[in-house]
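# Summary of structural features
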Amino acid sequence: MASIRNWIEKGFAQIARTIYRNRIKTIVTVILVTAAIVSQIPKITVDTSMEGFLHEDDPAMLAYNAFRDQFGRDEVVIVALQPPDVFDMPFLQTLASVHSELEEKVPYIDDITSMINARQTRGETDELIVEDLLENWPAGKQEMAVFKKRVLSNPVYKNTLISEDGRFTTIIIRTHSHSSVGQDDDLLEGFDSASPGASPDPGPVSKRPVYLTDRENSEVVFAVQQVVKGFRTGDLPIWVAGSPVVTHFLKQSMMGDMRKFVLMATATVALFLFVMFRRFSGVLLPLLVVFLSLLSTLGLMAIFGAAIKVPTQILPSFLLAVGVGTSVHILAIFFHRYRDGADKEDAIAYAMEHSGLAVAMTNVTTASGLMSFSTAELAPIADLGVFAGFGVLLTFIYTIVLLPALLALVSISHKAPAIGKEERTVMGRFLTSVGNFSTGHPVAILIVSVVVILASVVAITSIRFSHHPLSWFPKDNPIRLATEQIDRQLKGSISLEVIIDTGKENGLYDPGLLDRLEDAATHVEKLEYEKLYVGKAWSLTTILKEIHQALNENRPDYYRIPRDRNLVAQEFLLFENSGSDDLEDFVDSQFAKARFMVKVPFEDAYHAGIFIEQVHTYFERHFPEADVTLTGMIGLLSRTITAAIHSMAKSYAIALVVITILMILLIGRVRIGLLSMIPNLAPILIMLGVIGFFNLPMDLFTMMVASIAIGLAVDDTIHFMHNFRRYYDQSGDPVLAVHETLQTAGRAMLVTTIVLSVGFFIFSFATMSNVRNFGLLTGFTIVMALLADYLLAPALMVLVNKKKAAGRDPQPPIESRPSPISRHTTGG
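Our subject in this report is the structure included herewith. (Residues numbered from 1 in each chain as written. Predicted model: local features only at pLDDT ≥ 70, side-chain atom pairs only at ≥ 80, totals over all residues. Heavy atoms only, no water.)

## Points about the sheet that holds strand 13 (residues 627–631)
The 4 strands lie next to each other as 11-12-8-13, forming an open sheet whose pairing is antiparallel. Edge strands, defined here as strands with exactly one partner in the open sheet, are strand 11 (536–538) and strand 13. The sheet shows a mean angle of 15° between the axes of neighbouring strands, direction not considered. Here strand 8 (residues 494–501) pairs with strand 12 (residues 593–600) via 8 bridges, running antiparallel. Its bridge partner lying in strand 12, Asp 501 is registered against Lys 593. The strands that helix 3 (residues 59–71) touches are strand 8, strand 12 and strand 13; relative to strand 13, the one it contacts most, it runs at about 95°. (Pairing = 2+ DSSP bridges. Helix = DSSP H or I, 4+ residues; strand = E, 2+ residues; numbered from the N terminus. Axes fitted to C-alpha atoms, helices over the stretch in contact; angles between N-to-C directions. Contact = heavy atoms within 4.5 Å.)

## Describing unusual backbone geometry
The backbone phi angle of Arg 278 is positive, close to 55°, even though this residue is not glycine. Positionally, Arg 278 belongs in the loop between helix 7 (243–277) and helix 8 (281–303). The class for Arg 278 is partly exposed, based on a relative accessible area of 27%. Notably, Asn 554 is not glycine yet its phi reads approximately 60°, a positive angle. For Asn 554, the location among the structural elements is in the loop between helix 17 (540–550) and helix 18 (565–577). On the accessibility criterion, Asn 554 (33% relative accessible area) is partly exposed. (Buried < 20%, exposed > 50% of the residue type's maximum accessible area, 1.4 Å probe, protein only.)

## Some points on the packing of aromatic side chains
In this structure the tally under the stated criterion is 28 aromatic pairs. Between Phe 67 and Phe 71 the ring centres are 5.8 Å apart and the planes differ by 40°, which places this aromatic pair in the tilted class. Linking Phe 67 with Phe 71, this pair stays in helix 3, spanning 4 residues, or about one helical turn. Since its relative accessible area comes to 3%, Phe 67 is described here as buried. On the basis of relative accessibility, which here comes to 4%, the residue Phe 71 falls in the buried class. A centroid spacing of 5.1 Å and a plane angle of 85° characterise the contact between Phe 693 and Phe 694, whose relative ring orientation is edge-to-face. Since its relative accessible area comes to 63%, Phe 693 is described here as exposed. Classification of Phe 694 by relative accessible area gives exposed; the value is 53%. If you follow Arg 23 out to its NZ or CZ, it ends over the ring of Tyr 20, 5.0 Å from the centre. Sitting over the face of the ring of Trp 538, Lys 536 holds its NZ or CZ atom 5.7 Å from the ring centroid. (Phe/Tyr/Trp six-rings, centres within 6.5 Å; stacked < 30°, edge-to-face > 60°. Lys NZ or Arg CZ within 6 Å of the ring centre and 35° of its normal.)

## A closer look at helix 23 (residues 702–731)
Taking 1.5 Å per residue, 30 residues should reach 44 Å; helix 23 reaches 43 Å between its end C-alpha atoms and fits that length. The principal kink in helix 23, of about 25°, is found at Ala 709. Taking burial as the measure, the 30 residues of helix 23 include 27 buried ones, the bulk of the element. Just downstream of helix 23 lies Gly 732, where phi reads positive at about 75°. (Expected span 1.5 Å × (residues − 1). Bend = angle between axes of the 7 residues up to and from the residue.)

## Concerning the side chain of Ser 218
Tracing the sequence through the fold places Ser 218 in helix 6 (residues 214–229). Classification of Ser 218 by relative accessible area gives buried; the value is 10%. Not counting residues up to four positions away in its chain, the partners in contact with Ser 218 are His 248 and Lys 251.

## Remarks on a negative patch on the surface
Taken together, the side chains of Glu 103, Asp 111, Glu 576, Asp 581 and Glu 584 define an acidic patch exposed on the protein surface. You can see Glu 103 is positioned in helix 4 (residues 89–105). Given a relative accessible area of 48%, Glu 103 falls into the partly exposed group. (Patch = residues over 30% accessible without salt bridge, like charges linked within 9 Å, V, L, I, M, F, W, Y side chains within 5 Å. Areas by Shrake-Rupley, 256 points an atom, 1.4 Å probe, with all protein chains shown as cover. Salt bridge = Lys/Arg side-chain N within 4 Å of Asp/Glu carboxyl O. Lys, Arg positive; Asp, Glu negative; His and termini not counted. Charge placed at Lys NZ, Arg CZ, Asp CG, Glu CD.)

## Notes on the environment of Glu 143
Among the secondary structure elements, Glu 143 is positioned in helix 5 (residues 140–153). When sequence neighbours within four positions are dropped, the list of residues in contact with Glu 143 reads Trp 137 and Pro 138.

## Notes on the pattern of salt bridges
On inspection of all chains with the given rule, the structure shows 28 salt bridges. Close ionic contact of Arg 174 with Asp 585 constitutes a salt bridge, the shortest N to O distance being 2.9 Å. Note that Arg 174 is positioned in strand 5 (residues 169–175) and Asp 585 in the loop between helix 18 and strand 12, a separation of 411 residues in sequence. Here Arg 174 matches Asp 585 in class, with each residue buried. For the salt bridge of Glu 518 with Lys 545, the shortest nitrogen-to-oxygen distance reads 2.6 Å.

Right, here's the structure in full:
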């Protein structure tokens, strides 16, 4: 094993010498390759939609797309108005103005509905009339009172267009489900179809539809907000909500936070680099390497069509904080060797030989922890794992290839301001004290560690899972306030969609089946789980009852389903001939598939799983002859958290197995390799315990912490164990080996931990709470990992490694050792 390790280390030195002697060619080649990749960045897209969390081939996504293709987009923008009196002529005129301006100025509208144009179905003699609610405006107080009574008594309007108490009214905007992109190419598509009602050709020539894009969604929301701004007054509060609005704000927050994080991470990294090296070259060269790695990673995302999504917003600042460590380890050794009089080529070769293998292993373990997400059932988590992993490996490649070439080309003075003796002495004394404590009280440290870990395991049992995008926003955020207000007053802002496919043409003419749909609405409206309840449930039976009442002299006692199948068919035909296309929202053209809408509030989707199962069980039991599918926005949110839990368990297992194997291979001893995982796992368990103890939500972001943190925490353990093994083999004394390791590797471990933890603590300035929690927990875990490597790892090594007879007596290292950072061996 040692011979292989020596051969690899010599290989790194040879690579460095080759690059040094061909520095111009190397730099030009790197520039050309990088430019080709980076040139693709303008093609990168942003997708903050709720459906963007799932893979395109996810069964839930396929069902949702089939629903959108048939019935249109279920996501709506809700504009809620609260005037002093809804049923007041001046307000109704204002409502008409808002409605008209929205219809005129908001792009991609498929349908806009308010009290101005709500469907009113009535009969005159033998004629069925379907007209706008305010086709004839009320004149005078008496007609206004009649109008008010008609609106408040109509079950169709309740909790959709008007609140139960009549104080709120809404304008509901539904956009096209498909994007305008490529629309011109499809104008003649379908003219060669076989026949009406024939199944579409599933062959390879069919194009996959492009749904409304994130950019188009933002255009819609922005236009709505601009119109509303012109009408909102102190006497007329107006709220704008709905999942498209939530998506738009997520995008705004994400893009603003990304810029802020990159600037803060760059400033933080630059500051620590300057403090560490006291040279501008020590600041600029690592930043150049890591920025090229970041840009190349974004270019690869564009090339492979991976959009920037909510979880991947952490990628730029993450790579800045993590990637700079590789350059630090190489430069620390190079500057010390160069100051001691070696020429530049020898100093570069020595640094690469000394640290190349260790930094290679630390980058591989970090990338392994990240790539454990690559099999995630959630698309953005898988993308983050893949591209963050590639980004880490690209940083390593740029460091190994470009950094030696830049060092060869840049003029660097032999004598640079060194870290002061007093500063060295302070750090040396601190690390000596750490070594004395960890080696002097190994049993006590082990007992305390076991107690803390057991307490953490107990706290872990209190962890609650969550996927509640609305709760990510600040409590005073206008979108959150608007959504909560609309949920309170109108009993919901998103929907669960149930599709009942009878499998036969005109299957929905069956009065018995229609009765069961009515019974389902009554049953579902009574369902409730945790904070999730049903504000309204309805289907095509609502329209049918309106028709039947209208055709029977508008008598209220005829607001029911006809008992004759032929009569049902005739009444639906009359409605279609009236000019209204509202049936298209509830039934397919063959009257085989029915849409059953369930309106619910925007609550935690984790609880929705049980609620959805209750609905699904009911429909499966009462519609055994039909194929029942549940979808809609709440269904996607529920599938997202379920997939996240599965992915978390899988990624944790993958990361643990891969990193354990790599630790054993690097250290070369199975027992020590397995023991080294204890200080790696302890911080993860403590972090999970903190989540449970403080009742933090285990959401998509906090789920990522463990796999990311273990990939980072293992870096310090690698440096500690690698150096301990070397010093223990030389001295035969575990106590002395611990002191030697702390005085060398321990110094750079401290510096890189500060840089990494601060890099993640930057996320505490995020707009959204889920990103703040992610940053704080990851930074905390990295600090805990350093403590484990400073205390628990030395205690374990002292307990399991006996002092050899030939070893020299342990003498704690003196604080005046030369170059605290440069003495850090093997990549520390």
